[in-house]
Each structure stands twice: as C-alpha cells, then as structure tokens.
Amino acid sequence: MSEQFWLVVQYPLKSEKGSQRDHWLKEKVMEYLEISLADADLGYVDGFDMGRSTSDQKKYALNIFCVVNEEERGIALVKKVLRESRLDHTRIKIATMPYGKEETYTLKYAHKKGVTDFSL
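Residues numbered from 1 in each chain as written. Predicted model: local features only at pLDDT ≥ 70, side-chain atom pairs only at ≥ 80, totals over all residues. Heavy atoms only, no water.

Undergrad: Describe in detail unusual backbone geometry, supporting the description with residues and values.
TA: Backbone geometry at aspartate 41 places phi at a positive 55°, although glycine is not the residue there. Positionally, aspartate 41 belongs in the loop between α1 (20–39) and β2 (43–52). Owing to a relative accessible area of 63%, aspartate 41 belongs among the exposed residues under this scheme. Although it is not a glycine, arginine 86 sits at a positive phi angle of roughly 55°. For arginine 86, the position within the fold is in the loop between α2 (71–84) and β4 (93–98). (Helix = DSSP H or I, 4+ residues; strand = E, 2+ residues; numbered from the N terminus. Buried < 20%, exposed > 50% of the residue type's maximum accessible area, 1.4 Å probe, protein only.)

So this is what it looks like as structure tokens:
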C-alpha cells in the first residue's frame, strides 16, 4: 500500500461562523469530493472545521480534511472537481502532510500567485 497523506482544502471566511453560502459551500465541496475521491479510489473526506485561524485570531477559515493515497493525483483531482463544479476554486489553498506523522502542513497550491504561507 502506498503512503497516505492528509490533504486540506482551505477557504477564507469573513466571519467565525460563516455565512449561509459558506455552509452550503462546505456541504457541496464535501459531497463532491467524497464521490470523486471514492470513484478514483484515491481516498475519502475525513471532516471539516470552520472558525478562527489558529495562527491569526483575526482571520477565519473553512478547512475540509481528506485522506488521500497519492498526494499529486489527489491535489489534481481536488482542483479539477472544484473547478468543474464551480465551487469557488479561485479562493482555495491546498496543503498536505504525511498521514500519521506529527508534522506541519505544506502548502501545495494557492489561488493567488506569490502566496507561500499556510496554517490552519
């Protein structure tokens, strides 16, 4: 079996609890990713959190956590699904971390050029 990775899709939020649309987005993204990851036999959605950023208490984020078998294919699939489903793919950051290891997430994709920082 190949090594597994945590993959997190992060959306910025304007408030701690998020808007009605943010909640709709969370449900749709989780639903579409669950189906797509399972169909590709790449992994599964493991949950989410929504609220204050742990590194900057003035920022808010929606984080959707997945476990994937192949890091690069998982990232490509997530980007493709969000783009084709029109689920705000222009606002996301994607980061990964080896599964089962106490490490920090590494930013793998950011919607804006020049963005290099990532934190939950």
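Undergrad: Run through the packing of aromatic side chains, naming residues and quoting values.
TA: Taken as a whole, this structure holds two aromatic pairs when the rule is applied. Here tryptophan 6 and tyrosine 99 contribute two aromatic rings whose centre-to-centre distance is 5.1 Å and whose plane-to-plane angle is 40°, an arrangement assigned as tilted. Note that tryptophan 6 is positioned in strand β1 (residues 5–13) and tyrosine 99 in the loop between β4 and β5 (106–110), a separation of 93 residues in sequence. The exposure class of tryptophan 6 is buried, given its relative accessible area of 19%. The ring of phenylalanine 48 carries lysine 26 above its face, with NZ or CZ at 4.2 Å from the centroid. (Phe/Tyr/Trp six-rings, centres within 6.5 Å; stacked < 30°, edge-to-face > 60°. Lys NZ or Arg CZ within 6 Å of the ring centre and 35° of its normal.)

Undergrad: Can you break down the environment of lysine 17 residue by residue, with the values?
TA: Structurally, lysine 17 is set in the loop between β1 and α1. Distance from lysine 17 to alanine 61, taken between C-alpha atoms, is 9.4 Å for residues 44 residues apart in sequence. With near-sequence residues (within four places) excluded, lysine 17 lies in contact with His23 and Met50. (Contact = heavy atoms within 4.5 Å.)

Undergrad: How would you explain the environment of leucine 42 if you had to name every residue and give the values?
TA: Position of leucine 42 among the secondary structure elements: in the loop between α1 and β2. Once the C-alpha coordinates of leucine 42 and leucine 77 are considered, the two residues, 35 residues apart in sequence, prove to be 9.1 Å apart. Once residues within four sequence positions are removed from consideration, leucine 42 is found in contact with Leu37, Val67, Val68, Asn69, Glu70, Arg73, Gly74 and Leu77.

Undergrad: Describe in detail the nonpolar core, supporting the description with residues and values.
TA: Within the largest apolar cluster, 24 residues are counted, with the highest numbers of intra-cluster contacts made by Leu7, Val9, Tyr11, Val29, Leu33, Leu37 and Leu82. Residue assignment for this core shows that the elements contributing at least two residues are β1, α1, β3 (60–68) and α2. If sequence neighbours within four positions are ignored, valine 9 has contacts with Leu33, Leu62, Asn63, Ile64, Val78, Leu82, Ile92 and Lys93. With eight residues, the next largest nonpolar core counts Trp6, Ala95, Met97 and Tyr105 among its residues. (Core = buried A, V, L, I, M, F, W, Y, C linked by side-chain atoms within 4.5 Å.)

Undergrad: Requested: an account of the sheet that holds β2, with residues and values cited.
TA: The strands making up a sheet associate through backbone hydrogen bonding, with each pair oriented either parallel or antiparallel. Strand order in the open sheet made by the five strands is β2-β3-β1-β4-β5, with antiparallel pairing throughout. The open sheet is flanked by β2 and β5, the only strands paired with a single partner. Averaged over all adjacent pairs, the angle separating strand axes in this sheet is 25°, with direction ignored. Bridge count between β4 and β5: four bridges; the pairing is antiparallel. When the sheet's bridge partners are listed, lysine 93 is paired in β5 with alanine 110. Relative to β1, α2 is tilted by about 30°, and along the sheet it contacts β1, β3, β4 and β5. (Pairing = 2+ DSSP bridges. Axes fitted to C-alpha atoms, helices over the stretch in contact; angles between N-to-C directions.)

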